[in-house]
Amino acid sequence: MHYRFSLIGYPINHSLSPWIHKHFLKKAGLEGEYTIYEIDQKTSLGLEMEKLKSKQLHGFNVTVPYKQKILPLLDKVDDTARKMGAVNTVVNENGIWTGYNTDGIGYLRSLESKFPELFRDKSNSILVIGAGGAARGIYAALSDEGFNHIDIANRTENSAVQISEIGNKKTKTTILTLKEAELAAGNYDIIVQTTSVGMKPAKDRSIISLEHIKETAIASDIIYQPINTVFLQQAKNAGASIHYGHTMLLYQAQYAFELWTGEKVPIDGLDQKLLLELKGR
Ligand code: ATR
């Protein structure tokens with residue numbers, strides 16, 4: 001079997017997904033290819049989708065700006081992706097094009113691989129900063145996992161309220177302003193940064209100051225360019241543990257690859273290899 005995968009989005013020339021999936025294919029001992037299919041926003045996604053279907057793909061990834069727009073063009077959408085309102089992985093299931101969202105599970109897997117003990121106590125309190133697409137996936141996954149105290153801090157209150165409504169009924173959530181979050185940072189066991197603040201080129205910024213974070217806490221940033229965000233540096237300086245953003249990228253790809261091939265490829269040293277690849281870019 002020769003697997004054919006692709007990525008759609010715009011712009012995607014610098015995407016790390018081809019690099020990651022080529023490693024997965026090799027590790028799984030499978031033959032195949034992962035191609036980039038850049039779709040300009042001026043063209044019709046519906047027409048492009050028909051072209052994609054004729055390419056005999058086993059599946060494809062979807063990124064910005066099509067994660068939401070792809071939904072009505074699919075034959076089926078999995079419950080989690082439906083709840084997220086966003087699809088990042090499409091699987092050709094014998095001609096039924098089915099949408100999934102691997103971001104939330106990818107994040108959980110990445111966190112659990114580094115901090116397994118965290119998952120043994122679901123009363124650990126969590127703060128999610130941000131209320132965009134990434135926050136939505138992460139909040140839902142943490143809530144489904146059974147964590148019962150997950151607060152959300154965001155610049156725009158209403159987006160945070162909307163996210164809190166998708167959680168499991170057992171999850172208690174308070175909505176905070178960014179200033180309140182900064183002052184209350186010492187109350188949390190995990191603080192997850194999901195906004196774009198601190199990303200290259202504005203890498204000198206941090207969404208909140210972490211001067212009050214507990215030494216026993218974990219600070220997690222989903223930004224991976226740069227790897228050492230100001231947010232994570234502040235956490236490190238305060239003695240807290242840190243969780244890097246590139247690991248979510250790897251684990252969401254691992255789950256996508258698993259949906260396409262049935263193979264759960266171990267991450268092993270790929271984490272370190274990806275760090276080197278990122279530094280070279
Ligand atoms: P994604 O889908 O990648 O998560 P997004 O939907 O654009 O991205 O969400 C971006 C997040 O970053 C939001 O929480 C946004 O806050 P708002 O909901 O108030 O827009 C947050 N964000 C982006 N720029 C920000 C800034 N300069 N200050 C504070 N928050 C910011």
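In this text the structure is predicted, and so the values were computed from the model without any measurement.

### Describing the pairing of strand 7 (residues 126-129)
Because side chains alternate across strand 7, one face comprises the buried residues Ile126 and Val128, and the other comprises Leu127 and Ile129, equally buried. Across 4 bridges, the pairing between strand 7 and strand 8 (residues 150-153) is parallel. By the bridge assignment for strand 8, Ile126 is matched with Ile150. Handedness of the β-α-β unit built from strand 7, helix 5 (residues 133-144) and strand 8 comes out right-handed. For strand 7 and strand 10 (residues 190-193), the ladder comprises 4 bridges, and the chain directions are parallel. When the sheet's bridge partners are listed, Leu127 is paired in strand 10 with Ile191.

### A short note on the pattern of salt bridges
Considering all chains together, one arrives at 10 salt bridges under this definition. Here Asp103 ties to Lys67 by a salt bridge, and the two come within 3.2 Å at their closest N and O atoms. Here Asp103 is found in helix 4 (residues 103-114), whereas its partner Lys67 is found in the loop between strand 3 (59-62) and strand 4 (76-77), with 36 residues between them in sequence. Taking relative accessible area as the criterion, Lys67 reaches 22% and is therefore assigned partly exposed.

### Re the domain arrangement of the protein
Domains assigned within the protein are domain 1 (2-101 + 247-279) and domain 2 (104-244). The gap between the C-alpha centroids of domain 1 and domain 2 is 25 Å. Across the boundary between the two partners, domain 1 contributes 15 residues, which contact 19 residues of domain 2. For domain 1, the biggest contributors to the area lost against domain 2 are Lys83, Met84 and Met248; these three give 39% of the whole. Joining domain 1 to domain 2, the criterion identifies 2 salt bridges. For Glu258, the salt bridge identified is with Arg109, shortest N-O distance 3.0 Å. Taken together, the connections running from domain 1 to domain 2 amount to 6 residue pairs in polar contact (both at pLDDT 80 or more). Per element, the largest residue contribution to the side of domain 1 that touches domain 2 is 8 residues, and it comes from helix 9 (residues 246-261).

### With respect to the site of the ligand
As a structural note, the neighbourhood of the ligand is formed by 14 residues, with Ala131, Gly133, Asn154, Arg155 and Thr156 the closest of them. One of the side-chain nitrogen or oxygen atoms of Arg155 is found 2.9 Å away from an oxygen atom of the ligand. Thr156 places a side-chain nitrogen or oxygen 2.5 Å from an oxygen atom of the ligand. In isolation the ligand has 640 Å² of accessible area, and contact with the protein removes 62% of it. Of the residues contributing to the shell around the ligand, the split by class is 4 nonpolar, 8 polar and 2 charged.

### Focus: the sheet that holds strand 12 (residues 241-243)
Ordered by their spatial adjacency, 6 strands build an open sheet running 9-8-7-10-11-12, and the pairing between neighbours is parallel. Looking at strand neighbours, the two that pair on one side only are strand 9 (175-176) and strand 12, the edges of this open sheet. Sitting on the sheet, helix 4 touches strand 10, strand 11 (218-221) and strand 12, and the angle it makes with strand 12 is about 145°.

### Examining the side chain of Thr195
Among the secondary structure elements, Thr195 is positioned in the loop between strand 10 and strand 11. For Thr195, a relative accessible area of 16% gives the class buried. Among the polar contacts listed, one links the side chain of Thr195 to the backbone nitrogen of Val197, at a separation of 3.1 Å. Leave out the neighbours within four places in its chain, and Thr195 touches Ile129, Gly130, Ile207 and Ile223.

### Thoughts on the pairing of strand 3
Both faces of strand 3 are covered, namely the face carrying Gly59 and Asn61 and the face carrying Phe60 and Val62. Looking at chain direction, strand 1 (residues 2-9) and strand 3 are connected through 4 bridges and run parallel. Residue pairing for strand 3: Phe5 is matched across the bridge by Gly59.

About the cut-offs
- Residues numbered from 1 in each chain as written.
- Predicted model: local features only at pLDDT ≥ 70, side-chain atom pairs only at ≥ 80, totals over all residues.
- Heavy atoms only, no water.
- Buried < 20%, exposed > 50% of the residue type's maximum accessible area, 1.4 Å probe, protein only.
- Helix = DSSP H or I, 4+ residues; strand = E, 2+ residues; numbered from the N terminus.
- Pairing = 2+ DSSP bridges.
- Right-handed = clockwise from strand over helix to strand, strands pointing away.
- Salt bridge = Lys/Arg side-chain N within 4 Å of Asp/Glu carboxyl O.
- Domains from an automatic or database assignment.
- Contact = heavy atoms within 4.5 Å.
- Buried area = accessible area lost by both parts, 1.4 Å probe.
- Polar contact = N/O pair within 3.5 Å; in protein donor to acceptor, adjacent residues only side chain to side chain.
- Near = heavy atom within 4 Å.
- Areas by Shrake-Rupley, 256 points an atom, 1.4 Å probe, with all protein chains shown as cover.
- Nonpolar A, V, L, I, M, F, W, Y, C, P; charged D, E, K, R; others polar.
- Axes fitted to C-alpha atoms, helices over the stretch in contact; angles between N-to-C directions.

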